[in-house]
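# Topology and contacts: notes
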Amino acid sequence: MTIRDTFNAEAAKRILITDGAFGTEIQNWKLSEADYAGTLTLGHDQKGNNDILALTKPEVPEAIHRAYFEAGADIAETNTFSANRISQADYGAEGLVREINIESAKLARRIADEYQAKDGRPRFVAGAIGPTNKTLSLSPDVNDPGYREIDFDYLKDVYREQIDALVEGGADFVLIETVFDTLNAKAGIMAAIEAGEALGRDLPIMLSMTLTDLSGRNLSGHTVEAFWHAVRHAKPLTIGLNCSFGAEQLRPHVKTLSELCDTLIMVYPNAGLPNELGAYDEAPETTAGLVGEWAFAGQVNVLGGCCGSTPAHIKAIADHVRGVAPRPVAVPAVRTRLAGLEPFTMAA
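An account of the accompanying structure is given in this report. This structure is a prediction, so every number in the text was calculated from the model and none was measured.

Okay, the nonpolar core next. One finds Ile163, Leu241, Val267, Trp294, Val300 and Leu303 to be the most contacted residues of the largest nonpolar core, which totals 77 residues. Ignoring sequence-local partners within four residues, the contact set of Val300 consists of Ile15, Val254, Ile265, Val267, Trp294, Ala295, Pro326 and Arg327. Of all hydrophobic cores here, the second largest spans 16 residues; its members include Phe173, Leu237, Leu264 and Cys306.

Given below as C-alpha cells:
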C-alpha cells in the first residue's frame, strides 16, 4: 500500500486527529535569544525563529510532538511553517533552509515511528509549508497595483527547496497550510507535483485555507468553493480550513466543503478568538464540543487545532469524537466547474 492508501484506510475507520499549535506551545518555554541561536552566528537576532529550534534546541519541538501524540494525535505536523528561503531571510538564516527542514522532518518521523511501534496504530508526518510573508495576488504598494515583490516561478522554487528537504527527512505528505493567497498555494502545488515526479512516486498534498473575514473569503478574495475549484486538479489527500477564527465561525464553511469535495476534509481551527491581550482562553472542552458538532454531523475526516490549541485541546477533541463515524467522501455530479473569486458551474 502507498502512504495515500494507508491514510485513506485509517480515515475510513475513524476520525483522525492532527496535532495542535506549535507557536504558542513554544512560547510557554520562555526561550531567550541565546536559546534560539545556540552556537549559530548568523548576525541576526533569532528570537522568535521557531523553525530553527530543530538545529539549536531540538528538545523543544520533540517535547511538543510527544505531548500531542500522548494526547491522541495521528498526525505530526513538522515545525517548519516558516522554514523557507523568504521567511528565513528575516533572520539571516536562508542558507540553513535545507538543514532545518531535514532535521525537523527527521525528528517528527522518529517520534511518530516510536509511537506507532508502541501500539501498531499508524502515525503520519505532514511536512508543514506556510504561505511566506509575500503574496503573488496583491501588490504591497497601494500606489502601484501591478507591482509584485516576487513572481510565481521564484515562489515555486522556494517551495520546491523546502519540499525536497522535508521528504528527504521523512515527511509522508506536503501540507500547504494557512492559505491566504490562492496563487501562492498553486505555486506550492506545482512544486509538490514536480517533487513527486522527480521521486517517481505519488507525493500526497494536503491543502488548508484560512479565512480572513466572516464572509468566508481568504485574503486574495476566494470563497471556499472557489478555492476548491481552483485547486482540485491537484487531487489533494485532504482539503479544509485552519487558523481563521474559532470553530463556531467556521461552521457554515465546513458544511460547504463537506458537501462539495470528493476527498477528505481536515479542519483545525484556532482555540476561539483571541482576547484583548491576544491570548486564547477557550477551554479544551469548549473547543472539543464545537468541532464535535461537525463530527456528529458527518462533515469531517480529520480534526485538530491551530493557534492557541494545546495538547489538552487535542486530547479533548480525540476523546469527544472517539467512536464517531467519519464523513463519507462526497461524490459530486460531473460538471465543468471554474473559479474566479466566485465559483462558476457550467450547465449540464
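Right, let's get into the pairing of strand β5 (residues 205–209). Most of β5 is tucked away: five of the five residues are buried. Burial along β5 is two-sided: Ile205, Leu207 and Met209 and Met206 and Ser208, pointing in opposite directions, are all buried. As paired elements, strand β4 (residues 173–179) and β5 share four bridges and run parallel to each other. Its bridge partner lying in β5, Leu175 is registered against Met206. Assessed by its sense of winding, the connection that carries the chain from β4 through helix α9 (residues 182–199) to β5 is right-handed. Where β5 meets strand β6 (residues 238–243), four bridges bridge the pair, whose relative direction is parallel. Paired with Met209 across the strands is Leu241, a residue of β6. Remark: the β5/helix α10 (residues 224–231)/β6 crossover connection has right-handed handedness.

Calculation rules
Residues numbered from 1 in each chain as written. Predicted model: local features only at pLDDT ≥ 70, side-chain atom pairs only at ≥ 80, totals over all residues. Heavy atoms only, no water. Core = buried A, V, L, I, M, F, W, Y, C linked by side-chain atoms within 4.5 Å. Buried < 20%, exposed > 50% of the residue type's maximum accessible area, 1.4 Å probe, protein only. Contact = heavy atoms within 4.5 Å. Helix = DSSP H or I, 4+ residues; strand = E, 2+ residues; numbered from the N terminus. Pairing = 2+ DSSP bridges. Right-handed = clockwise from strand over helix to strand, strands pointing away.

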